[in-house]
Amino acid sequence: MDKILVRGGKPLRGSIPISGAKNATLPAMAASLLTSDRVHLTNIPHLRDVTTMVELLGQHGCGITIDEKLGVEVDGAGVNNCRAPYDLVRTMRASILVMGPLLARHGHAEISLPGGCAIGSRPVDIHLSGLEKMGATIELSGGYIRASAKRLRGAIIPMNLVTVTGTENLMMAASLAQGQTILENAAREPEVVDLANCLNRMGARISGAGSSTITIDGVDTLHGCTHAILPDRIETGTFMVAGAITGGDVTLTGADPETLTDPIIRLRECGVGIDTGPDWIRVRGPSRPVAIDLETQPYPGFPTDLQAQMMVLMTLAPGDSRIVETIFENRFMHVSELQRLGADIRIAGNTAYVRGVDHLLGAPVMATDLRASASLVLAGLVARGETLLSRVYHIDRGYERIEEKFLALGANIQRLSN
Ligand code: EPU
């Protein structure tokens with residue numbers, strides 16, 4: 001199993017390109033199940049989760065062509081199997097995204113229940129009750145969700161909490177339903193907007209994506225399209241924190257600052273210098289960051305997927321900061337690892353109290369989930385001495401060539417394969 005070895009203390013300098021967004025790629029690939037035409041997606045990141053989605057679509061019967069220019073073409077003409085097996089779903093919860101499209105186009109779907117994961121129990125009840133409102137019959141047996149419907153019907157679907165993949169699943173299903181669907185309290189994330197744009201290119205009639213009410217007028221069929229995936233705002237934010245924490249000067253190209261409004265405000269409050277252009281962000285780190293309080297919220301609030309990275313910055317900010325995680329109940333797995341590096345953090349319920357220390361000291365640490373692992377690499381970049389991160393496969397799920405990008409910025413980092 002690969003490990004990443006970081007020797008900390010070098011300010012990062014230079015420029016790197018941002019990849020396409022993982023969390024927009026996965027739903028757009030699932031959306032290709034809604035048509036028998038070819039869907040051509042560009043700006044696809046090279047990630048393990050994308051490979052898992054390729055495998056999943058392949059076993060449903062899709063033809064898949066991957067080109068050298070970060071493109072994937074999915075041909076949904078041959079879909080002959082509507083079952084998403086446990087072995088794939090357990091490695092990637094986002095597999096649930098095939099449920100809405102399979103049900104809407106093929107009348108049934110059999111998806112392994114995702115179960116718990118490192119960051120919490122993460123139920124899918126809102127996906128299921130939304131599909132039921134559209135007329136689907138749902139049964140749970142043998143660890144599988146069995147959903148069936150002759151043709152889904154439009155419905156008004158109020159969602160009791162904001163769910164990103166729930167909104168995406170229902171939006172895809174409603175695209176081929178009979179009549180109008182209104183999603184209330186919908187997720188407003190840029191990845192939801194990107195999916196709506198992709199679906200509209202396929203002939204769907206979706207309006208309001210990006211607001212909390214999305215209206216979908218169902219159509220009888222969808223067709224193929226070409227769609228470029230938006231830049232990954234979480235990768236961008238991770239490298240912004242890296243530039244900030246090392247007192248560096250880092251420019252991120254092919255980024256979308258508009259999707260990072262709140263993180264940019266918060267980083268500026270920490271004393272980080274940030275300039276932006278239409279598709280780039282330049283970050284200059286302070287000599288010491290300023291402590292701030294932070295609370296994760298659905299978009300446009302501060303993203304839970306950047307909480308762990310910001311916490312690392314706070315471990316070095318003189319004074320006290322309070323970080324409240326409101327989205328997931330168990331997303332502080334990085335805390336005990338950061339403590340091993342000398343961070344002063346106390347947890348009470350969903351709040352982490354961080355007291356800034358003078359420096360972190362390198363140590364062996366273990367990755368627990370994707371974003372937690374990224375935070376440990378950031379900590380390693382600033383810690384004195386060596387940090388050896390094991391279980392790196394978590395990082396490869398969501399960051400494209402992370403060590404190569406850090407190397408290009410002058411970090412002392414290497415992947416150890418055995
Ligand atoms: N929830 C329910 N019932 C549901 C659906 C969600 O109770 O039916 C709860 C969840 O347990 C959680 C909250 O609602 O407490 C929000 O979860 P959400 O459904 O929005 O999360 P998700 O769609 O499963 C996506 C991203 C996550 C990101 C969250 C929040 C994808 C593929 N995943 O997950 O990304 O953290 O939204 O923004 O889009 C990551 O990339 O590292 C990652 C975990």
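For the structure itself, look to the data block above.
Treat the numbers as computed from the prediction; the structure is a model and nothing was measured. (Residues numbered from 1 in each chain as written. Predicted model: local features only at pLDDT ≥ 70, side-chain atom pairs only at ≥ 80, totals over all residues. Heavy atoms only, no water.)

1. Remarks on the pattern of salt bridges
Alright, step 1. This structure, assessed with the given rule, holds 21 salt bridges.
Alright, step 2. Between Glu404 and Arg401 there is a salt bridge whose closest N-O contact spans 2.9 Å.
Alright, step 3. Given a relative accessible area of 41%, Glu404 falls into the partly exposed group.
Alright, step 4. The partner of Arg415 in a salt bridge is Glu403, with the nearest N and O atoms 2.8 Å apart. Residue Arg415 is located in strand E24 (residues 412–416), and its partner Glu403 is located in helix H14 (residues 402–408); the two are separated by 12 residues in the primary sequence. (Salt bridge = Lys/Arg side-chain N within 4 Å of Asp/Glu carboxyl O. Buried < 20%, exposed > 50% of the residue type's maximum accessible area, 1.4 Å probe, protein only. Helix = DSSP H or I, 4+ residues; strand = E, 2+ residues; numbered from the N terminus.)

2. Considerations on the pairing of strand E7 (residues 108–112)
Alright, step 1. Summarising the sheet, strand E6 (residues 83–84) and E7 pair through 2 bridges and their orientation is parallel. Within the sheet, the bridge partner assigned to Arg83 lies in E7 and is Glu110.
Alright, step 2. Here E7 runs beside strand E9 (residues 144–148); their pairing, made up of 5 bridges, is antiparallel. Directly across from Ala109, in E9, lies its bridge partner Ala147. (Pairing = 2+ DSSP bridges.)

3. A closer look at the site of the ligand
Alright, step 1. Taken together, the neighbourhood of the ligand is formed by 22 residues, with Asp125, Thr163, Thr165, Asp305 and Ile327 sitting nearest.
Alright, step 2. A distance of 2.6 Å is found between an oxygen atom of the ligand and a side-chain nitrogen or oxygen belonging to Asp305.
Alright, step 3. Taken by itself the ligand offers 820 Å² of open surface, and the protein chains cover 88% of this.
Alright, step 4. Contributions of two or more residues to the shell around the ligand are made by helix H1 (22–31), helix H5 (125–133), helix H6 (164–175) and helix H12 (370–382).
Alright, step 5. For the shell around the ligand, the element with the most residues is H5, which contributes 3 residues.
Alright, step 6. Class assignment of the residues belonging to the shell around the ligand gives a composition of 11 nonpolar, 5 polar and 6 charged. (Near = heavy atom within 4 Å. Polar contact = N/O pair within 3.5 Å; in protein donor to acceptor, adjacent residues only side chain to side chain. Areas by Shrake-Rupley, 256 points an atom, 1.4 Å probe, with all protein chains shown as cover. Nonpolar A, V, L, I, M, F, W, Y, C, P; charged D, E, K, R; others polar.)

4. Let's talk about the packing of aromatic side chains
Alright, step 1. The tally for this structure, following the rule as stated, stands at 1 aromatic pair.
Alright, step 2. Ring centres of Phe239 and Phe406 lie 4.7 Å apart, and the angle between their planes is 45°; this geometry places the pair in the tilted category. With Phe239 in helix H8 (residues 233–245) and Phe406 in helix H14, this residue pair connects regions lying 167 residues apart in the sequence. Note on accessibility: Phe239 and Phe406 belong to one class, buried.
Alright, step 3. In this structure, Arg83 packs its charged tip against the face of Tyr144, placed 4.1 Å from the ring centre. (Phe/Tyr/Trp six-rings, centres within 6.5 Å; stacked < 30°, edge-to-face > 60°. Lys NZ or Arg CZ within 6 Å of the ring centre and 35° of its normal.)

5. Regarding the packing of H8 against H12
A pair of packed helices is characterised by two quantities: the angle between their axes and the separation of those axes.
Alright, step 1. Two numbers describe how H8 lies on H12: the axes approach to 9 Å, and their chain directions differ by 20°. The orientation of H8 with respect to H12, classified from their angle, is roughly parallel. Once H8 is placed against H12, the crossing between them reads as right-handed. Where H8 approaches H12, its residues Ile234, Thr238, Val241, Ala242 and Ile245 are matched on the opposing element by Arg371, Ala374, Leu378, Leu381 and Val382.
Alright, step 2. Its residues assigned to classes, the contact of H8 with H12 comprises 8 nonpolar, 1 polar and 1 charged. (Axes fitted to C-alpha atoms, helices over the stretch in contact; angles between N-to-C directions. Parallel < 35°, antiparallel > 145°, perpendicular 65-115°, else oblique. Left-handed = near helix turned anticlockwise from the far one by under 90°. Contact = heavy atoms within 4.5 Å.)

6. Let's talk about the environment of Tyr299
Alright, step 1. Mapped onto the elements, Tyr299 comes out in the loop between strand E18 (294–295) and helix H10 (307–315).
Alright, step 2. Taking the C-alpha atoms as reference points, Tyr299 and Ala187, separated by 112 residues in sequence, lie 7.4 Å from one another.
Alright, step 3. From its side chain, Tyr299 meets the backbone oxygen of Glu258 in a polar contact 3.4 Å long.

7. Section: the nonpolar core
Alright, step 1. In this structure, Val98, Met134, Met171 and Leu199 are the most contacted members of the largest nonpolar core, which totals 75 residues.
Alright, step 2. Take this core: its biggest share by element is 6 residues, from H1.
Alright, step 3. Ignoring any residue separated from it by four or fewer positions in sequence, one finds Leu199 in contact with Ala31, Leu34, Met171, Met172, Ser175, Ala204, Ile206 and Leu222.
Alright, step 4. Counting 65 residues, the second-largest nonpolar core is a separate cluster that includes Phe239, Ala242, Ala374 and Leu389. (Core = buried A, V, L, I, M, F, W, Y, C linked by side-chain atoms within 4.5 Å.)

8. With respect to the pairing of strand E19 (residues 320–324)
Alright, step 1. Examined bridge by bridge, E18 and E19 share 2 bridges and lie parallel to one another. Counterpart to Leu294 in the pairing with E19 is Ile323.
Alright, step 2. Read as a crossover between parallel neighbours, the route from E18 over H10 to E19 is right-handed.
Alright, step 3. Pairing analysis gives 5 bridges linking E19 to strand E21 (residues 351–355), with the strands arranged antiparallel. Bridge pairing in E21 links Ser321 to Val354. (Right-handed = clockwise from strand over helix to strand, strands pointing away.)

Bear in mind that shape data such as this cannot, by itself, settle questions of function.
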